[in-house]
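One-letter residues, chain by chain:
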Amino acid sequence: MAKKFRTVKVEMKINAPAERVWEAMVLDYGEISNFSPYIYTSEYTNGSLKGELGAERKCNFNEKGTQWSKERIAEIDNENMVMRNVVLDGAKLPLNFDNSQAFYRVKDNGDGTSTASYEFQFRTKPAFLGIIAKGGFKKQLSGTLVGLKHYIETGERVTGGTDKYKEIKKKYPKATIIKT
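Computed from a predicted structure; not experimentally measured.

Undergrad: Help me understand the layout of surface pockets in this model?
TA: A water-sized probe rolled over the atoms picks out the places where empty space is left. Roughly 540 Å³ of internal volume is contained in the largest pocket. Together, 26 residues line the largest pocket, and Phe61, Glu71, Phe137, Gln140 and Leu141 are the ones closest to its centre. Of all the elements, helix H2 (residues 130–154) adds the most residues to the lining of the largest pocket, at six residues. Residue composition of the lining of the largest pocket, grouped by class: 16 nonpolar, eight polar and two charged. Roughly 230 Å³ of volume is contained in the second largest pocket. Forming the boundary of the second largest pocket are Tyr38, Lys139, Ser142, Gly143, Val146, Tyr165, Lys169, Tyr172, Pro173, Lys174, Ala175 and Ile177. Top contributing element to the lining of the second largest pocket by residue count: H2, with four residues. In terms of residue class, the lining of the second largest pocket is built from seven nonpolar, two polar and three charged.

And the structure:
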């Protein structure tokens with residue numbers, strides 16, 4: 001990331017072992033649509049069919065597939081449960097793709113629960129959209145963690161384009177937004 005960027009970081013406690021959260025969040029990399037209420041479909045596009053270095057996926061943010069992102073795992077540390085995901089390309093997204101990346105982290109809380117977090121570092125194109133986009137990214141990342149919690153704790157999918165997220169979001173605490 002060569003230029004100054006904005007950061008959004010959110011986290012949420014999940015009632016499941018860290019290994020299970022890591023599996024759903026990272027190792028099933030191409031299946032993010034199982035728990036993100038903002039992603040209609042997702043699929044592997046290149047590399048491994050599991051979350052490992054170099055794996056790529058495409059995420060569609062609407063039913064027609066006209067708003068999408070293509071992403072790749074650029075770094076992964078399974079032992080410490082940290083993954084760096086880079087945005088390679090996209091359509092109808094206000095991102096500078098050379099300066100947008102996310103860190104996925106899972107921490108074992110030592111009591112059978114874990115804490116999942118997303119940290120998204122980004123620049124917008126044009127740059128002045130950064131302030132507006134930051135609010136939208138907070139909402140999306142927070143909602144995705146609620147969906148992840150529900151998916152892991154119940155097995156029910158929370159996919160974009162369904163009413164599942166509207167139904168469940170009041171049942172769970174909001175994700176914690178970390179000041180950056």
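Picking up where we left off.
Undergrad: Explain unusual backbone geometry to me, please; I cannot follow it from the model alone.
TA: Where the residue is not glycine, phi is negative for most of them; where a peptide bond is considered, it is trans in most cases. In the segment running from lysine 125 into proline 126, the intervening peptide bond is cis, with an omega of 5°. Considering the arrangement of structural elements, one finds proline 126 in the loop between strand S7 (114–122) and H2. The phi torsion at lysine 92 lies on the positive side, around 60°, for a residue other than glycine. Secondary-structure assignment places lysine 92 in the loop between strand S5 (82–91) and strand S6 (101–108).

Undergrad: Help me understand H2 in this model?
TA: Between the first and last C-alpha of H2 there are 35 Å, a value that for 25 residues agrees with the 36 Å anticipated at 1.5 Å per step. Where H2 ends, the next residue or the one after it, glycine 155, has phi of about 85°, a positive value.

Undergrad: Mind showing me how you'd approach the pairing of S5 here?
TA: Consecutive residues of a regular strand have side chains that alternate between opposite faces of the sheet. Across the 10 residues of S5, seven count as buried, placing the element largely inside the fold. Where strand S4 (residues 68–77) lies against S5, nine bridges are found, and the strand directions are antiparallel. From the neighbouring strand, tryptophan 68 faces S5, where its bridge partner is alanine 91. The hairpin formed by S4 and S5 contains four residues between the paired strands, and methionine 81 there has a positive phi angle of roughly 55°. Pairing geometry for S5 and S6, over five bridges, is antiparallel. Of the residues in S6, the one forming a bridge with valine 82 is arginine 105.

Calculation criteria
Residues numbered from 1 in each chain as written. Predicted model: local features only at pLDDT ≥ 70, side-chain atom pairs only at ≥ 80, totals over all residues. Heavy atoms only, no water. 1 Å grid on protein atoms, 1.4 Å probe; cavity = no way out; pocket = protein on both sides within 12 Å on 5 of 7 lines; lining within 4 Å. Points joined across faces, edges and corners; volume = space filled by probe spheres on them. Helix = DSSP H or I, 4+ residues; strand = E, 2+ residues; numbered from the N terminus. Nonpolar A, V, L, I, M, F, W, Y, C, P; charged D, E, K, R; others polar. Expected span 1.5 Å × (residues − 1). Buried < 20%, exposed > 50% of the residue type's maximum accessible area, 1.4 Å probe, protein only. Pairing = 2+ DSSP bridges.

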